[in-house]
Amino acid sequence: MKKSIGHSEKVAGIAQLTRAALGFRAHSGWVAVVAVAGDTRSPKVVGRSRVELASLEIPRPVQPYHAAQKMELKKAEAHIARFAEEARNFAAKAMRDVVQELRIQGYQVVSCGIVSGSGRPAPTVKAALASHPLLHTAEGELFRNAIIQASRQCRLAVLQIKERELFARGVKELGLPLGGLQFILDKIGEPLGPPWGQDQKLASLMAWLALSGNETR
């Protein structure tokens, strides 16, 4: 059976929990999650999952800002607020479940890392609706913010790094050459089998950096 974060393994007689961190790469309506644990010089992936942040009845990608473009402003704001609340509720439950499942497996989640977008969010719904690029930025922020809030509710330290800066931070903070870092990220998920694509690699790097940074706090 392929091991995922949601797969329980009861561990008897755990003397001490192993530190772990979660990494997230969000999409419109869902987020890829990877859990990394152990020695930050040689970490291992101990789980991965896909967490839905909107009802499965809604076709993917979930784009509340795009849909709101056709609405009067107050209705648009209410529409987006409902999606944001639903995303927070989905994220909060998923985060609690993930943390609990990892604890059952012998891991204590101490921090998390979230791949952030490169765009600057619009200050208001009205401003976001007026620009197509800002629509995409706003939707990304909506789902990322749901994960951030859920992480803080679980009292996890939260690290955010822009995707375009992620590998440079990894090279600097983990003390590895770029090629070596990429090789590790390619191989680190092999014990879990596919899928192991860009989502999982970036999420695992975020988790690794969050775990490494937590050591110095």
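A few points on the structure. In this text, all values refer to a predicted model and were calculated from it rather than measured experimentally.

This paragraph deals with the state of the cysteines. Under the counting rule described, the total for this entry stands at zero disulfides. With no disulfide of its own, Cys 112 lies closest to Cys 154 among cysteine sulfurs, the gap being 9.1 Å. On the basis of relative accessibility, which here comes to 24%, the residue Cys 154 falls in the partly exposed class.

All right, on to the nonpolar core then. Grouped together as the largest cluster of nonpolar side chains are 41 residues, with contacts concentrated most on Leu 22, Phe 24 and Tyr 65. Listed by contribution, the elements that provide at least two residues to this core are strand S1 (18-27), strand S2 (30-37), strand S3 (44-52), helix H1 (64-68), helix H2 (73-104), strand S4 (107-116), helix H3 (125-129) and helix H4 (132-153). Looking at this core, the element that brings in the most residues is H2, giving 10 residues. Once you skip the residues sitting within four places of it in the chain, Leu 22 turns out to touch Val 33, Val 34, Ala 35, Met 95, Val 98, Leu 102, Val 109, Ser 111, Cys 112, Gly 113 and Ala 207. Judged by nonpolar contacts, the second largest core, of 24 residues, contains Ile 161, Leu 181, Ile 188 and Ala 207.

What counts and what doesn't
Residues numbered from 1 in each chain as written. Predicted model: local features only at pLDDT ≥ 70, side-chain atom pairs only at ≥ 80, totals over all residues. Heavy atoms only, no water. Disulfide = S-S within 2.5 Å. Buried < 20%, exposed > 50% of the residue type's maximum accessible area, 1.4 Å probe, protein only. Core = buried A, V, L, I, M, F, W, Y, C linked by side-chain atoms within 4.5 Å. Helix = DSSP H or I, 4+ residues; strand = E, 2+ residues; numbered from the N terminus. Contact = heavy atoms within 4.5 Å.

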